[in-house]
Amino acid sequence: MSYINNVTGYRKDILETRSEVHKGAWALIEPDGIVKNVIPGFVDCDTTILGSPRLGASFVDYVVTVHAGGGCEAGFGTEGVEVFLYVFNGHMEIGNEERRETVTDGGYIFCPAGTRLTFKNVGDEDAFCFLYKRVYEPLEGHEAHTVLANINDVDWADYEGMTDVRCKDFLPSANDLGFDMNMHILSFKPGACHGYIETHYQEHGAYVYSGEGMYVLGDKWVPIKKGDYLYMDSYVPQACYAVGRGEEFAYIYSKDCNRDPEL
């Protein structure tokens, strides 16, 4: 079996993990012990499935290391499914039937339902990406559209008026009902925190790419650090404090929006 951190064989100490899974509620999945998965159509890629319906999520999250020359040129996504790809680092050509561009660190694409994502590493080094898919919830009179941009071109905004907590939005969901979800980056300077413990209808999948934090999930405070993945189901109490020295605690996360719950 192949592991995401490429650590195999006997350990020098007892077997232990920080991972904690409460299906249908919340989960912390640390890098040690999670495996690489084979995804049809992905060539020369190391792919790991993180959040999924088997965990309780309505979406699927992945992290993908795309080796030089690798990618998915056959197209990723099925009828009725929206797809999002974010390039943490690397030199990637990404697109769908509507647009295709070469991007570097911070590049991303949202592919609306009815289109298929293609991507290829056109650089000489590995590229590292975050990938998401979800069944689109149509809304009469509105529809989503392709977004292909770079998050580094988006200005930071203070999060709820707090200057030491900053955020970025990837998609125009706040002003366009055609979108039923959004992706965000939330970044906390050391010592910063949420303004309150959140308890809400929306669910999240979050990949931590920087720093360390203490996160309240349900009724438990859990240490979190770079490389960890979090799943938070609807109504799970959640908030964090940034800890550590110097590096901001930051993560990319999804949130469903703009739809009325069905009965």
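Just so we're clear, the structure is a prediction, and the values are computed from it rather than from any experiment.

**A look at the overall build of the protein**
Here is step 1: Helix and strand counts for the protein come out as zero helices and 20 strands.
Here is step 2: Computed over C-alpha atoms, the radius of gyration of the protein comes to 18 Å, within 12% of the 18 Å expected from 2.2 N^0.38 for 263 residues, which places it in the range of a compact globule.
Here is step 3: With respect to the principal axes defined by its C-alpha atoms, the protein has extents near 45 × 45 × 40 Å.
Here is step 4: For the protein, the share of sequence-separated contacts (at least 6 apart) that also reach a separation of at least 24 residues comes to 68%.
Here is step 5: Accessible surface, the protein as shown: approximately 12,900 Å² in total, 50% of it carbon and sulfur.
Here is step 6: Computing the positive centroid from 21 side-chain charges and the negative centroid from 41, the protein places the two 6 Å apart.

**Some points on the packing of aromatic side chains**
Here is step 1: Per the stated rule, a full pass over the model turns up 23 aromatic pairs.
Here is step 2: The interplanar angle of 85° and the centroid separation of 4.8 Å between the aromatic rings of Tyr108 and Phe170 together place this pair among those described as edge-to-face. Taken together, the residues span a long stretch of sequence, with Tyr108 in strand S8 (residues 107–111) and Phe170 in the loop between strand S13 (162–169) and strand S14 (181–188) at a distance of 62 residues.
Here is step 3: When its relative accessible area of 3% is taken as the criterion, Tyr108 is described as buried.
Here is step 4: Ring pairing ties together the aromatic residues Phe84, Tyr86, Phe88, Tyr108, Phe128, Phe130, Phe170, Tyr207 and Tyr209, which thus form one cluster.

**Thoughts on the sheet that holds S13**
Here is step 1: One open sheet accounts for eight strands, arranged S1-S2-S18-S15-S20-S14-S13-S12; its pairing is antiparallel. Either end of the sheet is taken by a strand with one partner, and the two such strands are strand S1 (20–22) and strand S12 (157–159). The sheet shows a mean angle of 25° between the axes of neighbouring strands, direction not considered.

**Quick word on the UniProt feature "domain: Cupin type-2" (unreviewed entry) in the protein**
Here is step 1: UniProt's feature table lists "domain: Cupin type-2" (unreviewed entry) at residues 186–244, given in the numbering used throughout.
Here is step 2: Spanning residues 186–244, this segment combines 0% helix with 54% strand, and its end C-alpha atoms are found 16 Å apart.

**Some remarks on the nonpolar core**
Here is step 1: Counting 29 residues, the largest nonpolar core has Phe84, Tyr86, Phe110, Phe130, Phe170, Met183 and Ile252 as the members making the most contacts within it.
Here is step 2: Residues contacting Ile252, with those up to four places away along its chain left out, are Phe84, Tyr86, Phe88, Phe130, Phe170, Met183, His184, Ile185, Gly205, Ala206, Tyr207 and Tyr209.
Here is step 3: With 24 residues, the next largest nonpolar core counts Cys45, Cys72, Leu85 and Val103 among its residues.

**Details of the side chain of Glu198**
Here is step 1: Considering the arrangement of structural elements, one finds Glu198 in the loop between S14 and strand S15 (204–210).
Here is step 2: In this structure Glu198 is buried but unpaired, with Lys255 as the nearest side chain of opposite charge at 7.5 Å.
Here is step 3: Engagement of the side chain of Glu198 in a polar contact is seen with the side chain of Tyr159, the distance being 3.2 Å.
Here is step 4: At a separation of 3.2 Å, a polar atom in the side chain of Glu198 contacts the side chain of His200.

**Section: the environment of Asp164**
Here is step 1: Note that Asp164 resides in strand S13.
Here is step 2: Sequence separation of Asp164 and Pro190 is 26 residues, and the distance between their C-alpha atoms is 8.5 Å.

**Quick notes on the pattern of salt bridges**
Here is step 1: Applying the stated criterion across every chain, the model contains 11 salt bridges.
Here is step 2: Between Glu248 and Arg166 there is a salt bridge, with its nearest N and O atoms 3.4 Å apart. With Glu248 in the loop between strand S19 (238–243) and strand S20 (249–256) and Arg166 in strand S13, this residue pair connects regions lying 82 residues apart in the sequence.
Here is step 3: Within the structure, one salt-bridge network assembled from shared partners comprises Glu82, Arg134, Glu137 and Asp180.

Here is what the cut-offs are and how they apply
Residues numbered from 1 in each chain as written. Predicted model: local features only at pLDDT ≥ 70, side-chain atom pairs only at ≥ 80, totals over all residues. Heavy atoms only, no water. Helix = DSSP H or I, 4+ residues; strand = E, 2+ residues; numbered from the N terminus. Rg over C-alpha atoms; globule rule 2.2 N^0.38 Å. Contact = heavy atoms within 4.5 Å. Areas by Shrake-Rupley, 256 points an atom, 1.4 Å probe, with all protein chains shown as cover. Lys, Arg positive; Asp, Glu negative; His and termini not counted. Charge placed at Lys NZ, Arg CZ, Asp CG, Glu CD. Phe/Tyr/Trp six-rings, centres within 6.5 Å; stacked < 30°, edge-to-face > 60°. Buried < 20%, exposed > 50% of the residue type's maximum accessible area, 1.4 Å probe, protein only. Pairing = 2+ DSSP bridges. Axes fitted to C-alpha atoms, helices over the stretch in contact; angles between N-to-C directions. UniProt positions renumbered as here; feature names shortened; annotations may be inferred. Core = buried A, V, L, I, M, F, W, Y, C linked by side-chain atoms within 4.5 Å. Salt bridge = Lys/Arg side-chain N within 4 Å of Asp/Glu carboxyl O. Polar contact = N/O pair within 3.5 Å; in protein donor to acceptor, adjacent residues only side chain to side chain.

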